[in-house]
Protein chains: 2
Amino acid sequence: MENMKQIFEPRSVAVIGASNNIKKWGCIIFGNLLLGEFRGELYPVNPTEPEIMGFKTYRRLAEIGRPVDLAVIVTPAHTVKEIVKECVDARVAAGIIITSGFRETGEEGKKLEEEILSLAREGGMRIVGPNTMGIFSAPASLLALMGPLRLPPGEVALISQSGNLGVQIVRWGSALGIKFRAFVSTGNQGDLSSMDYLRYFSKDPGTRAILLYIEGIDRGSLFLETLRETTKTKPVVIMKGGKTRTGLKAAGSHTGALAGDRFIIDSALKQSGAILVNDTEEFLDLACAILHVPPPKGNRMAILTRGGGWGVVAADRCEDSGLAIPPLTDAMKGELDRFLPPYWSHANPVDMVATLRVEAYNDCLKLLARSPDFDGLMALSAGTGPLQAIIREPSWLSLLKKSEEETAEIAKGLAQLQDNIFSLIGELIEETGKPILPVSVRFEYVGIKTFNGRSIPVYPTPERAVRTMVNLMKASRALGGPEQP
Amino acid sequence: MENMKQIFEPRSVAVIGASNNIKKWGCIIFGNLLLGEFRGELYPVNPTEPEIMGFKTYRRLAEIGRPVDLAVIVTPAHTVKEIVKECVDARVAAGIIITSGFRETGEEGKKLEEEILSLAREGGMRIVGPNTMGIFSAPASLLALMGPLRLPPGEVALISQSGNLGVQIVRWGSALGIKFRAFVSTGNQGDLSSMDYLRYFSKDPGTRAILLYIEGIDRGSLFLETLRETTKTKPVVIMKGGKTRTGLKAAGSHTGALAGDRFIIDSALKQSGAILVNDTEEFLDLACAILHVPPPKGNRMAILTRGGGWGVVAADRCEDSGLAIPPLTDAMKGELDRFLPPYWSHANPVDMVATLRVEAYNDCLKLLARSPDFDGLMALSAGTGPLQAIIREPSWLSLLKKSEEETAEIAKGLAQLQDNIFSLIGELIEETGKPILPVSVRFEYVGIKTFNGRSIPVYPTPERAVRTMVNLMKASRALGGPEQP
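Residues numbered from 1 in each chain as written. Chains lettered and ligands numbered in written order. Predicted model: local features only at pLDDT ≥ 70, side-chain atom pairs only at ≥ 80, totals over all residues. Heavy atoms only, no water.

A short note on the overall build of chain A
Thinking step 1. Helices and strands together make up the secondary structure of chain A, namely 17 helices and 20 strands.
Thinking step 2. Seen through its principal axes, chain A has C-alpha atoms that stretch 80 × 55 × 35 Å.
Thinking step 3. The burial tally for chain A puts 64% of its 485 residues in the buried class.
Thinking step 4. For chain A, contacts bridging at least 24 residues in sequence account for 72% of all contacts bridging at least 6.
Thinking step 5. Total accessible area computed for chain A in this model is approximately 17,800 Å², and 50% of it derives from carbon and sulfur atoms.
Thinking step 6. Between the centroid of the 55 positive side chains of chain A and the centroid of its 55 negative side chains there is a distance of 3 Å. (Helix = DSSP H or I, 4+ residues; strand = E, 2+ residues; numbered from the N terminus. Buried < 20%, exposed > 50% of the residue type's maximum accessible area, 1.4 Å probe, protein only. Contact = heavy atoms within 4.5 Å. Areas by Shrake-Rupley, 256 points an atom, 1.4 Å probe, with all protein chains shown as cover. Lys, Arg positive; Asp, Glu negative; His and termini not counted. Charge placed at Lys NZ, Arg CZ, Asp CG, Glu CD.)

Structure representation (structure tokens):
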């Protein structure tokens with residue numbers, strides 16, 4: 001556990017191999033640290049470039065003459081051993097070895113990696129990597145990462161055994177509105193492994209949810225124990241690569257104790273309280289919901305839809321996923337009759353059919369969310385009423401040949417509708433403590449959206465909303481819901 | 001078959017129930033016809049509004065005094081019977097009954113629907129609907145639809161048993177770059193059914209691919225026969241709703257001959273040459289590919305990736321879907337060694353690891369696409385090299401403290417890279433006749449993109465690219481590929 005603080009909240013960072021040459025990673029890493037606005041001391045080390053991006057350069061680590069918490073190493077593989085030696089001599093607490101060309105390339109690289117690690121171990125220096133894409137850490141504004149990203153601080157930690165996948169998940173997640181506390185690309189895990197990071201974030205009070213991409217698991221029983229402890233208080237979502245023979249081969253030499261049968265691994269992870277997801281979008285969809293929506297207290301779902309087909313698709317997916325769609329009581333039908341045209345479905349899914357009365361959607365939302373008969377609600381086509389679509393065709397209203405004033409008034413009224421619906425969903429989640437997942441059926445309009453200070457996730461399809469609802473149920477323990485079987 | 005031409009290519013259309021009141025569907029439908037720029041004669045019919053959106057209004061159909069091919073009926077249910085009578089008297093060839101409140105609401109509505117249909121049948125008038133959201137037809141620029149959409153003409157026909165789902169699939173698909181020949185919301189299918197439309201589009205020379213959303217199937221064996229005939233020349237992609245008890249109930253009264261066991265239905269549809277998809281995004285993903293990418297001639301795939309994790313995820317998915325990832329020959333390894341850093345994976349997936357040489361991706365693409373060892377290629381992270389990411393952070397290059405001129409030069413060079421990669425993919429598809437599916441791993445960058453006049457589909461995740469590749473194999477017969485088992 002020691003030295004973890006110097007990795008994720010260092011006061012001073014040296015970049016060994018920093019450069020002004022954009023064709024070198026040392027340039028991109030140093031630029032990214034500046035982009036991320038690291039608040040501590042920053043020392044570029046390079047024997048030949050006297051100044052890097054406005055910073056005085058040190059020819060060697062020893063020249064810095066002040067304490068360095070963290071060294072980011074971006075020099076060729078054959079130089080790393082010497083550099084780690086210098087780090088140990090300078091009492092650097094931890095190193096992030098970005099450099100590739102070690103264990104992942106075969107026997108020779110493996111030997112070199114082991115020599116380096118043993119030097120570090122003896123010197124009390126902890127190592128991230130080697131062959132890592134680096135880390136992001138919000139509390140230190142530390143973007144010691146190969147990806148040039150601007151990241152607002154948040155409460156989600158991502159630990160990824162693949163750097164490229166991890167960086168792109170962070171970028172994509174950020175575009176969806178997920179805010180990260182930290183990201184770490186674990187690389188070859190020569191010293192620190194996924195388990196160490198998991199343990200660190202499980203105790204970090206600023207981390208509220210943990211995402212993990214793993215390929216192999218070393219020290220299986222210890223990992224599972226750590227997982228079990230963590231999931232008691234924080235949701236842990238795991239995406240596992242290397243499930244098949246082909247995938248495992250591609251994952252390389254991760255042949256830990258748990259690299260056996262995929263079903264045994266999956267079930268061990270689930271029993272430890274983690275939520276397993278099967279693909280990238282499921283990973284991100286759940287991450288969008290996990291801090292913003294409470295888990296359902298049971299499996300009884302209401303579905304509100306503007307058209308039959310989406311209701312059918314959602315109902316199919318619910319039944320296949322173990323969610324129930326209970327029938328409406330007569331009392332509920334009577335209430336809904338007040339808002340809806342006579343030809344509404346009179347059943348759950350509540351199909352409003354083609355009513356144009358814009359308040360009707362909101363009236364239905366309130367009734368269904370507040371009903372004791374349902375534990376959660378899927379709000380389909382929330383953002384896509386026909387009148388809303390008219391605003392996106394600005395020329396349309398001019399067809400009405402009304403005065404400019406009247407047209408502007410209509411446009412304004414229509415524009416408010418969509419926000420009103422999403423605002424209301426945020427309010428109802430807060431009021432009822434139930435999950436309500438809106439579906440926009442517009443691929444450009446997904447992710448976490450904020451209305452009146454309340455953030456809610458919006459999904460592009462009913463299928464993805466249902467899948468997220470099921471995963472929220474699984475996250476129930478860590479999110480304070482009832483124990484799930 | 002008769003009168004189909006008057007529906008999809010009418011010379012004159014009357015909108016019965018047209019209005020200036022935006023709270024009525026008759027207003028939205030009429031506005032949408034204008035938005036779509038229908039090229040024939042357009043007659044609004046309304047007994048009380050003398051002028052609608054600049055058009056002289058007729059109080060009754062009979063007043064028009066000129067031939068009307070198609071009547072779009074948007075008046076309350078209880079008026080429709082009388083209107084259909086008037087249509088028959090005026091020898092209107094076909095009607096689109098938008099109005100709801102018929103069979104879908106119970107016995108009384110069913111009786112009314114049957115009376116109307118029998119009137120129409122006797123009068124030789126064909127009916128779309130009732131309870132339909134209408135149609136779009138590119139050859140006539142006809143947007144007789146409840147959805148206000150601007151649609152460029154294309155070659156894909158969508159037949160949907162759900163209007164709302166269909167309209168939103170069309171909107172979403174259009175945003176992804178899919179161009180439609182036609183869309184029809186089949187409604188209650190009182191007269192014309194999915195099968196009739198399928199038969200029409202199978203013979204329509206302007207239609208190259210057909211998408212179907214169905215819930216129930218009437219006249220099962222005739223439908224399957226039509227399907228078998230169609231799939232010999234055009235790919236047909238089917239998404240089926242109402243698979244579960246709950247979904248079927250939501251789908252209402254579709255209890256045709258094939259509404260039995262879901263697995264029997266699925267297998268009958270597959271045996272008829274259709275490609276079955278399981279969710280909305282799979283439907284759209286395949287639609288994006290189907291006209292722009294040839295089917296693979298076998299199942300041997302190469303995977304090119306900038307980072308291990310995505311390669312692992314793609315390889316897993318391939319193995320689980322029946323695609324093979326054959327090993328690289330020594331000759332191929334030797335060739336790739338020339339472009340890649342020494343620590344590349346030396347295996348398929350070809351993991352380039354963190355090479356910054358921008359031309360390397362293109363070099364690898366060419367080698368893998370042209371190799372006789374592979375039938376197709378998944379190009380992962382095609383749009384997300386680290387240098388490309390720097391262009392999206394415009395402040396980044398200023399960190400280099402170079403002259404404005406030099407910075408502009410670098411930015412320009414980097415900006416070209418992405419386009420170059422996608423252009424090359426388009427060229428290689430053309431040259432090799434093999435499918436190459438690029439993955440952007442950026443959710444904002446998906447759908448059909450055009451570079452140098454060549455359109456290619458771009459996918460957000462490896463999982464979705466693999467799924468599409470598998471579906472392309474299934475579409476092989478209609479797309480001119482080898483027979484699939």
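Picking up where we left off.
A word on the relation of the copies chain A and chain B
Thinking step 1. For the pair chain A and chain B, the best superposition has an RMSD of 0.0 Å and corresponds to a rotation of 180° with a translation of 0.0 Å parallel to the axis. On the angle and the small slide along the axis, the relation comes out as a two-fold axis.
Thinking step 2. A share of 100% of the interface residues of chain A reappears at the interface of chain B, consistent with the copies meeting face to face through the same patch. (Least-squares fit on C-alpha atoms with pLDDT ≥ 70 in both.)

Points about the sheet that holds strand β9 (residues 142-145) of chain A
Residues and elements named next belong to chain A.
Thinking step 1. If you trace the 7 strands from one edge of the open sheet to the other, you get β9-β8-β11-β10-β12-β13-β14, paired in mixed fashion. What marks the edges here is a single partner per strand, and that holds for β9 and β14 (275-277). Taken over all neighbouring pairs, the strand axes of this sheet differ in orientation by 20° on average, direction set aside.
Thinking step 2. Pairing of strand β8 (residues 134-137) with strand β11 (residues 180-185), which is carried by 3 bridges, proceeds in the antiparallel orientation. Paired with I135 across the strands is V184, a residue of β11. (Pairing = 2+ DSSP bridges. Axes fitted to C-alpha atoms, helices over the stretch in contact; angles between N-to-C directions.)

Comments concerning the sheet that holds strand β6 (residues 94-97) of chain A
Residue and element names in this part refer to chain A.
Thinking step 1. The 5 strands lie next to each other as β2-β1-β5-β6-β7, forming an open sheet whose pairing is parallel. The open sheet has two edge strands, β2 (41-45) and β7 (126-128), and neither has a second partner. In this sheet, neighbouring strand axes are inclined to one another by 20° on average, regardless of whether the strands run parallel or antiparallel.
Thinking step 2. As judged from the 4 bridges shared by strand β1 (residues 12-16) and strand β5 (residues 70-73), these two strands associate in the parallel manner. Looking at the pairing, A14 lines up with A71 of β5.
Thinking step 3. The strands touched by helix α3 (residues 77-89) within the sheet are β1, β5 and β6, with β5 carrying the most contacts at an inclination of about 170°.

What about the state of the cysteines?
Residue and element names in this part refer to chain A.
Thinking step 1. Counted under the stated rule, the structure contains 0 disulfides over all chains.
Thinking step 2. Counting only cysteine sulfurs, C318 is the nearest neighbor of C364, a cysteine outside any disulfide, at a range of 18 Å.
Thinking step 3. On the basis of relative accessibility, which here comes to 0%, the residue C364 falls in the buried class. (Disulfide = S-S within 2.5 Å.)

Some remarks on the interface of chain A and chain B
Thinking step 1. Counting residues at the interface gives 89 residues for chain A, matched by 89 residues for chain B.
Thinking step 2. Taken together, both faces of the contact between chain A and chain B bury some 7,100 Å²; the carbon and sulfur share is 64%.
Thinking step 3. With its nearest N and O atoms 2.9 Å apart, the salt bridge here joins B:R262 to A:D320.
Thinking step 4. Across the contact surface, chain A and chain B share 27 residue pairs in polar contact (both at pLDDT 80 or more).
Thinking step 5. Among the elements that make up the side of chain A that touches chain B, the one with the highest residue count is helix α11 (residues 308-321) of chain A (10 residues). (Buried area = accessible area lost by both parts, 1.4 Å probe. Salt bridge = Lys/Arg side-chain N within 4 Å of Asp/Glu carboxyl O. Polar contact = N/O pair within 3.5 Å; in protein donor to acceptor, adjacent residues only side chain to side chain.)

Focus: the packing of helix α10 (residues 280-290) of chain B against helix α16 (residues 462-474) of chain B
Residue and element names in this part refer to chain B.
Thinking step 1. Contact geometry of α10 with α16 gives a least axis separation of 9 Å together with a crossing angle of 65°. In the packing of α10 onto α16, the handedness of the crossing is right-handed. Residues E281, E282, D285, L286, A289 and I290 of α10 form the contact with α16, whose own contacting residues are R464, R467, T468, N471 and L472.
Thinking step 2. A breakdown of the residues in the contact of α10 with α16 according to their chemical character gives 4 nonpolar, 2 polar and 5 charged. (Left-handed = near helix turned anticlockwise from the far one by under 90°. Nonpolar A, V, L, I, M, F, W, Y, C, P; charged D, E, K, R; others polar.)

Digging into the pairing of β6(A)
All names here are of chain A.
Thinking step 1. Of the two faces of β6, the one lined by A94 and I96 and the one lined by G95 and I97 are each fully buried.
Thinking step 2. Sheet topology note: the β5/β6 ladder contains 4 bridges and is parallel. Its bridge partner being in β6, L70 is matched across the sheet by A94.
Thinking step 3. At this point the chain moves from β5, through α3, to the parallel β6, and the crossover so formed is right-handed. (Right-handed = clockwise from strand over helix to strand, strands pointing away.)

Things to note about the environment of A:V353
Thinking step 1. Relative to the assigned elements, A:V353 resides in the loop between β16 (350-351) and α13 (359-370).
Thinking step 2. Note on A:V353: relative accessible area 17%, which makes it buried.
Thinking step 3. Non-local contacts of A:V353, meaning those with residues more than four positions away in its chain, are made with A:R306, A:Y343, A:W344, A:S345 and B:S100.

Quick word on the confidence of the model for chain A
Thinking step 1. The pLDDT averaged across chain A works out to 91; a share of 95% of its residues lies at or above 70.
Thinking step 2. Scored below 50 in pLDDT, residues 253-258 of chain A shows 14 contacts in the model against residues more than four places distant or in partner chains. (pLDDT = per-residue confidence, 0-100.)

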